[in-house]
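Here's the letter readout for the chains.
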Amino acid sequence: MYTDESKILETVQNISSTVVAEDAEATDRLARWPERSLRSFQKEGLGGLTVPVEYGGLGQGTKTLAKVCEIIGQSCTSTAICYGMHAVGSAVIASKATDYQQEKYLTPICEGRHLTSIALNETGSGSQFYLPQTRMQYHSESEYNINGAKSFVLNGGKADSYIISAVAEGSHTPGEQFNCFMINADAAGIQWGERWKGIGLRGDSSRDLFLDSVKIPDKNILGQFGDQIWYVFNVITPYFLTAMAGSYLGIARAAINEVTHHIKNREFSFNGRALASSSVIQYQLGALWAKYARSRALVYYATECYDMDQDNALIDLFAAKAEVADATIEIVNEAITLCGGYAYQEKSILDLLLRDARAAHVMTPTADILRVWTGRSILEQPLLADT
Ligand SMILES: Cc1cc2nc3c(=O)[nH]c(=O)nc-3n(C[C@H](O)[C@H](O)[C@H](O)COP(=O)(O)OP(=O)(O)OC[C@H]3O[C@@H](n4cnc5c(N)ncnc54)[C@H](O)[C@@H]3O)c2cc1C
C-alpha cells in the first residue's frame, strides 16, 4: 500500500504510457470498454484511490484525482472517464459508509476486486440529474422495490455495483424524499439497453439501465433516508467535476503534445525552413499553452480548497470545470488549425481528441449550468432555483 502522491502518480504514468496507450486506438475504433487498462489500475492497488486509509484505500482527495485523470486522459479519454467514475463512486460510498457497506463494497474496491459506477441521469430530467423519476416503494420490513430507467450509465453492464438515485413514494415511506443507494450488478430485475454510440468517449460503455421491481435491502441506502441532495452536492458533484476536469485537461495536454510534435517535424522544401521557426506559430503555441496552464491552475486551486474543506470551494470547482471544458475544446480546435491538412483527416489523433473533447460541453453539469450555479452561489440565491 502506498499513499504518497508522487508514487501514485508514477504508477499511473507507467500504466498509462504502456497498457492504456497501447489499447487506446482499439478502444475508440471498436468502441471497446478498456477492461485491460482498468484491471491494470486495480492490480497495482489503485482501485481504492479515493477511499480513506482507515477503510484500506489510498486516502486521496480531489486534487490527486484530477492529476490521475489528467495523466490517463493524455493516453485515452475513455479510460480516464471510466476509471474516474469508479473513483467518484468509491468516494461517494465511503463518505458515510456503514460497517456493512464498508465490508461489502469498500474492502473489495480497495483490494481491486470491485468496480463501481454512478447511475443518476434519466431521460425525463436530462441535465437536471439530481431530480430522478425512478421510484422506490416500501416492500417489506427491510426491503424496497425500485422501478424506473436510468440513461447514459458509464461502465454500464461492466461494473459490479451502481449508485442509483430514486424518490420514495407510498404510505410506508417519507414521501418525495430523494435517496441514493447501491444496486448490485446481479440484482434480479435489471436490464441493460444498447450501448450509446457516441461520437467520442467510445469505450465508456454508456448504456440505459432499466429497473423493473428491483429489490434492495435497506442496508444498501447511502446515508440517511432523504440524503440524496447531500450526496449530490457534497460528494458526487465535486468528485465528478474533478474527474471530468482532469480527463479533459489530459485531452488538452495530448493536443498540445501532438501539435508540438507536428510543428517540430514539418519542413517546407521550397525554402528548407521548419514550421517551428515561424514566430506566428510560436506565438500561437504559446497562447495554447497559457490556456491549458490557466485552467489547470484553476482546477488545482479549486480541488485544494475542496480537500481542505474551505467554505465556497464548490464555487471554484463549478468555475474550474466550466473553464476547462471551454479551454479544452478551443485548444483541440486550434491545434487542428496549427497542424493543417495533416490533422484534418479521418483517424488522426486530433480527430479522436476533438470527438472526445466535445463531451465536455454535453455531459452534465454542462458549462452553461455550472456558470449559472457559480452566479447563483455568488449572489447567495438557491442553486436549483428553476427546478
Ligand atoms: C457519453 C456520456 C456518458 C454519460 N455518463 C453518465 C453516467 O455515467 N451517469 C450519469 O448519471 N449520467 C451520465 N451521462 C449523462 C449526462 O451527464 C447528462 O445528464 C446528459 O447528457 C444531459 O442530459 P441530456 O442529454 O438529456 O441534455 P438536456 O437536458 O436535454 O440538455 C440539452 C442542453 O440544454 C441545456 N440545459 C438543460 N437544462 C438547462 C437548465 N436548466 N439551464 C441551463 N441549461 C440547461 C444543457 O446544458 C444542454 O446544453 C452521460 C452522458 C454522456 C453523453
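Keep in mind the model is a prediction, meaning the values are calculated, not measured. (Residues numbered from 1 in each chain as written. Predicted model: local features only at pLDDT ≥ 70, side-chain atom pairs only at ≥ 80, totals over all residues.)

1. Thoughts on the overall build of the protein chain
So, point 1. In terms of helices and strands, the protein chain carries 10 helices and seven strands.
So, point 2. With respect to the three principal axes, the spread of C-alpha positions in the protein chain is 85 × 45 × 40 Å.
So, point 3. The 387 residues of the protein chain split such that 49% are buried.
So, point 4. Intrachain contacts of the protein chain at a sequence separation of at least 6 include 73% that bridge at least 24 residues. (Helix = DSSP H or I, 4+ residues; strand = E, 2+ residues; numbered from the N terminus. Buried ≥ 20, exposed ≤ 12 C-beta atoms within 10 Å, placed from the backbone. Contact = placed C-beta atoms within 7 Å.)

2. Concerning the site of the ligand
So, point 1. Taken together, 24 residues lie around the ligand, and Asn121, Gly126, Phe152, Leu154 and Thr366 are the ones closest in.
So, point 2. Sorting the residues of the shell around the ligand by element identifies strand 1 (116–119), strand 3 (143–153) and helix 10 (367–378) as the ones contributing at least two each.
So, point 3. Its residues placed into classes, the shell around the ligand shows 14 nonpolar, seven polar and three charged.
So, point 4. Residues lining the shell around the ligand come from more than one domain, with at least three contributed by each of domain 2 (119–227) and domain 3 (229–378). (Near = placed C-beta within 6 Å. Nonpolar A, V, L, I, M, F, W, Y, C, P; charged D, E, K, R; others polar. Domains from an automatic or database assignment.)

3. What about the pairing of strand 3?
So, point 1. Direction of pairing for strand 2 (residues 135–140) relative to strand 3: antiparallel, over a ladder of five bridges. Bridging from a neighbouring strand, Gln137 pairs with Asn145 of strand 3.
So, point 2. Following strand 2, the chain reverses through two residues before pairing antiparallel with strand 3.
So, point 3. Pairing geometry for strand 3 and strand 7 (residues 207–217), over eight bridges, is antiparallel. Paired with Ile146 across the two strands is Val214, which belongs to strand 7. (Pairing = 2+ DSSP bridges.)

4. So, the environment of Leu211
So, point 1. Along the chain, the position of Leu211 falls in strand 7.
So, point 2. The exposure class assigned to Leu211 is buried, which follows from the 24 C-beta atoms found within 10 Å.
So, point 3. With 152 residues separating them in the primary sequence, Leu211 and Met363 have C-alpha atoms 23 Å apart.
So, point 4. Excluding anything up to four places from it in sequence, Leu211 contacts Thr134, Ile146, Asn147, Gly148, Ala149, Gly189 and Ile190.

5. Considerations on helix 7 (residues 279–307)
So, point 1. Given a rise of 1.5 Å per residue, 29 residues ought to cover 42 Å, and the 41 Å separating the end C-alpha atoms of helix 7 matches this to within 8%.
So, point 2. Listing the buried residues of helix 7 in full gives Leu288, Tyr292, Ser295, Arg296, Leu298, Val299, Ala302, Thr303, Cys305 and Tyr306.
So, point 3. Those residues of helix 7 that are buried lie in contact with helix 3 (62–75), helix 6 (228–265) and helix 8 (313–339).
So, point 4. Remark: Asp309 follows helix 7 within two positions and exhibits a positive phi of approximately 60 degrees. (Expected span 1.5 Å × (residues − 1).)

6. Here we look at the pairing of strand 5 (residues 178–184)
Look at any regular strand and the pattern is simple: side chains alternate between the two faces of the sheet.
So, point 1. With respect to burial, strand 5 is a largely interior element, six of its seven residues being buried.
So, point 2. Inspection of the sheet shows strand 4 (residues 161–169) paired to strand 5 by seven bridges, in the antiparallel sense. The partner of Ser161 across the bridge, within strand 5, is Asn184.

7. Regarding the domain arrangement of the protein chain
So, point 1. Partitioning the protein chain into structural domains gives domain 1 (5–115), domain 2 (119–227) and domain 3 (229–378).
So, point 2. Here the C-alpha centroids of domain 2 and domain 3 sit 31 Å apart.
So, point 3. Counting residues at the interface gives 11 residues for domain 2, matched by 11 residues for domain 3.
So, point 4. Its residues assigned to classes, the side of domain 2 that touches domain 3 shows seven nonpolar, three polar and one charged.

8. Focus on the packing of helix 6 against helix 7
So, point 1. In contact at an axis separation of 11 Å, helix 6 and helix 7 are set at 160 degrees when each is read in the N-to-C sense. Between helix 6 and helix 7, the angle falls in the class roughly antiparallel. Both helix 6 and helix 7 take part in a crossing whose hand is left-handed. Note on element contacts: helix 7 touches helix 6 through Ile281, Leu285, Leu288, Trp289, Tyr292, Ser295, Arg296, Val299, Thr303 and Tyr306, opposite Pro238, Thr242, Ala245, Leu249, Ala252, Arg253, Ile256, Val259, Thr260 and Ile263.
So, point 2. The residue makeup of the contact of helix 6 with helix 7, split by class, is 14 nonpolar, four polar and two charged. (Axes fitted to C-alpha atoms, helices over the stretch in contact; angles between N-to-C directions. Parallel < 35°, antiparallel > 145°, perpendicular 65-115°, else oblique. Left-handed = near helix turned anticlockwise from the far one by under 90°.)

9. Digging into helix 2 (residues 35–43)
Helical geometry note: an α-helix holds 3.6 residues per turn, so side chains three or four residues apart project in the same direction.
So, point 1. Of the residues making up helix 2, those classed as buried are Ser37, Leu38, Ser40, Phe41 and Gln42.
So, point 2. Next to the buried residues of helix 2 lie helix 1 (5–29) and helix 4 (77–95).
So, point 3. Gly45 sits one or two residues past helix 2 and shows a positive phi near 80 degrees.

10. Brief notes about unusual backbone geometry
So, point 1. A cis amide bond, omega -10 degrees, links Thr364 with the succeeding residue Pro365.
So, point 2. Here Ser213, not a glycine, exhibits a phi torsion of approximately 50 degrees, which is positive.
So, point 3. Within the secondary structure, Ser213 sits in strand 7.
So, point 4. We note that Glu380 has phi near 55 degrees; this positive angle belongs to a residue other than glycine.
So, point 5. Tracing the sequence through the fold places Glu380 in the segment after helix 10.

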